[in-house]
Amino acid sequence: MLSDTIVAISTALKEGAISIVRMSGDDSFEILKSVSDIKEIEPNTIKFTHIYDGEEMIDEVLVSFFKGPKSYTREDMVEINCHGGIYVTRLILNLLLAKGCRLAEAGEFTKRAYLNGRIDLSEAESANDLIRATSRIQAKSAIKGIDGSIEKLLTPIMDEMKDVISMIEVNIDYPEYEDVKEMTNVNVRPYVEKWIMDMGEMVDKAERFRVIKDGIKTVIIGKPNVGKSSLLNALIEKDKAIVTEIAGTTRDLVEGRVNLKNITLNLIDTAGIRESEDRIEKIGIEKSRQALEEAELVILVIDASNEDEEDAELLRMTEGRNRIVVYNKSDLVKRGDINVSALNNDVSMLVEHIEDMYKDDVSLVDEDILNNERQISLMKQARNELEEMLKHFDDTSLDVIMLNLEESYHYLCEILGKEYQEDLIDHMFRNFCLGK
Ligand SMILES: Nc1nc2c(ncn2[C@@H]2O[C@H](COP(=O)(O)OP(=O)(O)OP(=O)(O)O)[C@@H](O)[C@H]2O)c(=O)[nH]1
Ligand SMILES: [Mg+2]
């Protein structure tokens, strides 16, 4: 049932200047009247009032009224700005529960906004992403998503698919019609080919951008003592990894996260790779190799004052990878293209190089692109449907082609949540914050 009135504390339950208790549903206004001085509700206003539990005044508050459908959920909504003590906020919540509200589930306000058609599913997902954003680029892409970027992205291709599907339909149903464009395998094929290409491009861009958004899995490797741990520390601006002049200092993987200007690196410092008989060091080196396997970006560190055959071996090992070769200890000797001195925190050449390397991917933030795994996977399924169909296209009858096109189209609808499975929707909104 949608019309019951829900309530939740929408701000973090911590001591603070203000907390917001939010209600949504048919009885919001009546319930508010029953606990305050308010007699008349004027929509879209903010009023000063007192909240009473029976005779006892419990807080002095500001209340905002939103008359549905002009509200976040499209229902009547009330937001009570109360004093931000944990105790008083809870008191108000309990009072509203006692007056007939039901405690909202996590994400239920946004779920109502979605079910009532105020936002589509991709916009709801973006609302959650914005709350969780930890970098400028994540925030920027989330706000675009809230503003409907996915619908903008999908509308042209969906419109075109819909047109072609309906033209085929008319051809099948009314073969005698003469003023309708004749659809045959031959003239449908170019559309299908173009959609496959467009969908592929959307997936490709989204995957490139996801790396930027989530942070680039970056591994720092090199032979022992070249300054890998020093480099990690310089990049994260903290003394996290142990640094000594002893070769083989680092045994475990050490992780650090750094927000550069536009991109985030999820860094892993590793044990120096060499032949070793030491049992612990050997395990560490095995971990280094694994981290190297999984990395999206490899920073290979070479000690500029001590380059030898072992470095050459590592260069060979990482060939063909997305790799940056960094010459460290530039305070002693300079060689190669990218020189740093981790000891002196002089790593600007490396940072600039990374920013430059990813600048095209970073600029995708200004485009409308798919935002998450769910959307990407649906787009892949839409594309796959078309690709499979194209394999035997010339031998396929038009009505089967139409069915396949519809299948593909439905995957796109699902991205926007225009068709949905209830359990999936429930699962999604449960990941939201309470009161959102
Ligand atoms: N002169 C100079 N010394 C450096 C620089 N960077 C690191 N070192 C020194 O090189 C030695 C090794 O540094 P680490 O950062 O521990 O090197 P590592 O590659 O992590 O070594 P392992 O963990 O043993 O593989 C230490 O004595 C550092 O002070 C640098 O830029 N210049
Ligand atoms: Mg180290």
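These figures come from a predicted structure and were not determined experimentally.

**As for the packing of helix H6 (residues 149-173) against helix H14 (residues 398-416)**
Argument step 1. Where H6 meets H14, the axes come as close as 10 Å, and the angle between the chain directions of the two elements is 155°. On the basis of their axis angle, the class for H6 and H14 is roughly antiparallel. Both H6 and H14 take part in a crossing whose hand is left-handed. Of the residues in H14, those in contact with Ile150, Glu151, Leu154, Met158, Met161, Lys162, Val164, Ile165, Ile168, Glu169, Asn171 and Ile172 of H6 are Leu398, Asp399, Ile401, Met402, Leu405, Glu406, Tyr409, Leu412, Ile415 and Leu416.
Argument step 2. Among the residues making up the contact of H6 with H14, the classes are represented as 16 nonpolar, one polar and five charged.

**Digging into the site of ligand 1**
Argument step 1. Taken together, the neighbourhood of ligand 1 is formed by 24 residues, with Gly227, Ser229, Thr250, Gly272 and Leu343 sitting nearest.
Argument step 2. Counting residues per element, the shell around ligand 1 draws most heavily on helix H8 (residues 228-236), at three residues.
Argument step 3. For the shell around ligand 1, the class distribution of residues is eight nonpolar, 12 polar and four charged.

**Brief notes about the nonpolar core**
Argument step 1. With 96 residues, the main nonpolar core has Val7, Leu96, Ile220 and Leu231 as its most contacted residues.
Argument step 2. When residues in this core are grouped by element, the largest group, eight residues, is from helix H7 (residues 185-214).
Argument step 3. Ignoring anything within four residues of it in the chain, the contact list for Leu231 reads Ile220, Val301, Asn328, Val340, Ala342 and Val347.

**Description of the domain arrangement of the protein chain**
Argument step 1. Domain boundaries assigned for the protein chain yield domain 1 (6-115), domain 2 (149-211 + 370-417) and domain 3 (218-360).
Argument step 2. Taking only C-alpha atoms into account, the centre of domain 2 sits 46 Å from that of domain 3.

**As for helix H4 (residues 121-132)**
Argument step 1. Compared with an ideal rise of 1.5 Å per residue, which puts 12 residues at 16 Å, H4 spans 17 Å between its outermost C-alpha atoms and is within 8% of the ideal.
Argument step 2. Every buried residue of H4 is accounted for by Leu121, Ser122, Glu123, Ala124, Glu125, Ser126, Ala127 and Asn128.
Argument step 3. On its buried side, H4 packs onto helix H3 (108-115), helix H5 (136-146), H6, helix H13 (373-391) and H14.

What counts as what
Residues numbered from 1 in each chain as written. Chains lettered and ligands numbered in written order. Predicted model: local features only at pLDDT ≥ 70, side-chain atom pairs only at ≥ 80, totals over all residues. Axes fitted to C-alpha atoms, helices over the stretch in contact; angles between N-to-C directions. Helix = DSSP H or I, 4+ residues; strand = E, 2+ residues; numbered from the N terminus. Parallel < 35°, antiparallel > 145°, perpendicular 65-115°, else oblique. Left-handed = near helix turned anticlockwise from the far one by under 90°. Contact = placed C-beta atoms within 7 Å. Nonpolar A, V, L, I, M, F, W, Y, C, P; charged D, E, K, R; others polar. Near = placed C-beta within 6 Å. Core = buried A, V, L, I, M, F, W, Y, C linked by C-beta atoms within 7 Å. Buried ≥ 20, exposed ≤ 12 C-beta atoms within 10 Å, placed from the backbone. Domains from an automatic or database assignment. Expected span 1.5 Å × (residues − 1).

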